Amino acid sequence: MEQHSGDPVAAGSIGRRQTLRRLWVLVVIGSASCGGGGGGPAPAPPTAPTPNPTPPAPTPPAPTPPPPPSPGAPALGAHNLVYNRDGVSVDPLSTQSMATQASGSTLLVCVGRGVISSHRLPTDNKGNPFVQQGATHAYTNWSSSGTALYACVAASGGAGHVVTVAKPVPADETTASVVEVVGGGVVRDLQWREVLRGSPITTPSVTTRGPALIVAWWWGDAGVDSDKTAVADNGFTVIDGILLQGALVQCAVAVRAVSAAGSYSTTWTATPAQGAQLWIAAVEAA
């Protein structure tokens, strides 16, 4: 029997077929999206936990600073160097005004003269008595010229302190170095040496029993041509000098503070190459 579109039986059959078709499509799609056999992408692996950053290395401790100077250890105080050229009349030759300690210092005065016979004890405006240390020494290459060293321990001082060296020959070339050692009370050791050109310009050693200030003087023997240089090694620092060309007594002064007993020396390097008279003194507390 022929079915017409308007037949309710035929319409129902068509509806069931469409519903089954839709269900089959849904089943196929669902199975493709499951992880059991479909070609879909595998799930991403779990993210690894971020490791903690490596802690910074500990900061190394700061280096231990050197110990401070021992209380009361001798130390450098006021110092001055004055000179006059040969043929320039100066009488007397005096330092600039210095501010020294009121008491308790040692004063060292080292003098070089063109006329060795003119050496005299220095004086000052504080009434201090100076004593010559060792002998007066002539230069090998300039036999009529020489140097000498003087000291006053437990000196009186203060503002306006001036040290003077007499000039029996007013136009004689003369150089005077004055060094105050604060807290000094005794010249523990004193040495002199002359070294001629071609040998190391090394001082003798001085020996200390404890803290001390060591003062070294270089008196070069080169001629009048060109300016000079003079540098001390082994921890010594140059504090004064007259190294100009011309007719004058050239000199350089260096110091070193030491904190322990021992033997100490220095080697000078100078230009031009030359010999020198070398003084070195160690001053300790009384």
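Residues numbered from 1 in each chain as written. Predicted model: local features only at pLDDT ≥ 70, side-chain atom pairs only at ≥ 80, totals over all residues. Heavy atoms only, no water.

> Give a detailed account of the side chain of Asn84, specifying residues and quantitative values.
Mapping Asn84 onto the fold places it in strand S1 (residues 75–84). A polar contact is formed between the side chain of Asn84 and the backbone oxygen of Asp172, at a distance of 2.9 Å. (Helix = DSSP H or I, 4+ residues; strand = E, 2+ residues; numbered from the N terminus. Polar contact = N/O pair within 3.5 Å; in protein donor to acceptor, adjacent residues only side chain to side chain.)

> Account for the sheet that holds strand S4 (residues 123–124), naming residues and giving values.
Pairing within the open sheet is antiparallel, and its 3 strands lie in the order S2-S7-S4. Both edges of this open sheet fall to strand S2 (93–94) and S4, since each of them pairs with a single strand only. Inspection of the sheet shows S4 paired to strand S7 (residues 163–165) by 2 bridges, in the antiparallel sense. Opposite Thr123, over in S7, you have Thr164 as the bridge partner. (Pairing = 2+ DSSP bridges.)

> Requested: an account of the pairing of strand S6 (residues 146–155), with residues and values cited.
Of all 10 residues that make up S6, 8 are buried, and the element is covered over most of its length. Both strand S3 (residues 105–113) and S6 contribute to a ladder of 8 bridges, which runs antiparallel. Looking at the pairing, Leu107 lines up with Cys152 of S6. Pairing analysis gives 5 bridges linking strand S5 (residues 131–138) to S6, with the strands arranged antiparallel. Residue pairing in the sheet places Gln133 in a bridge with Leu149 of S6. (Buried < 20%, exposed > 50% of the residue type's maximum accessible area, 1.4 Å probe, protein only.)

> Give a detailed account of the nonpolar core, specifying residues and quantitative values.
The biggest cluster of nonpolar side chains holds 22 residues, and the ones touching the most others in it are Leu108, Val215, Trp217, Trp219, Cys251 and Val253. Broken down by secondary-structure element, the contributors of at least two residues to this core are S3, S6, strand S8 (174–182), strand S12 (212–220), strand S14 (237–242), strand S15 (251–258) and strand S18 (276–284). Considering each element in turn, this core owes the most residues, 4 residues, to S12. Core analysis: the second largest hydrophobic core is formed by 21 residues, Ala212, Ala252, Trp268 and Ala276 among them. (Core = buried A, V, L, I, M, F, W, Y, C linked by side-chain atoms within 4.5 Å.)

> Just give me the short version of the environment of Gln277, but keep the residues and values in it.
Checked against the element boundaries, Gln277 lands in strand S18. Dropping the residues within four chain positions of it, Gln277 is found in contact with His137, Ala138, Tyr139, Gly146, Thr147, Trp192, Arg193, Glu194, Trp217, Trp218 and Trp219. Within the structure, Gln277 has its side chain in polar contact with the side chain of Thr147 (distance 2.6 Å). Among the polar contacts listed, one links the side chain of Gln277 to the side chain of Trp192, at a separation of 2.9 Å. (Contact = heavy atoms within 4.5 Å.)

> Residue-level account of the pattern of salt bridges, with values.
Under the definition given, this model contains 1 salt bridge. Between Glu284 and Arg188 there is a salt bridge, with the nearest N and O atoms lying 3.0 Å from each other. Taken as a pair, Glu284 in strand S18 and Arg188 in strand S9 (residues 186–195) lie far apart in primary sequence, 96 residues in all. Overall, Glu284 belongs to the buried group, its relative accessible area being 5%. Overall, Arg188 belongs to the partly exposed group, its relative accessible area being 28%. (Salt bridge = Lys/Arg side-chain N within 4 Å of Asp/Glu carboxyl O.)

> Would you mind going over the layout of surface pockets in detail, with residue names and values included?
Quantified by volume, the largest pocket comes out at close to 280 Å³. Lining the largest pocket are 18 residues; nearest its centre among them are Trp142, Glu173, Ala222, Leu248 and Val249. (1 Å grid on protein atoms, 1.4 Å probe; cavity = no way out; pocket = protein on both sides within 12 Å on 5 of 7 lines; lining within 4 Å. Points joined across faces, edges and corners; volume = space filled by probe spheres on them.)

> Tell me what's going on with the environment of Gly112, and back it up with residues and numbers.
Mapped onto the secondary structure, Gly112 falls in strand S3. Between the alpha carbons of Gly112 and Thr136 there is a distance of 9.6 Å; along the sequence they are 24 residues apart. Look past the residues within four positions of Gly112 in its chain and what remains in contact with it is Gly146, Thr147, Glu173, Thr174, Thr175, Trp219 and Val249.

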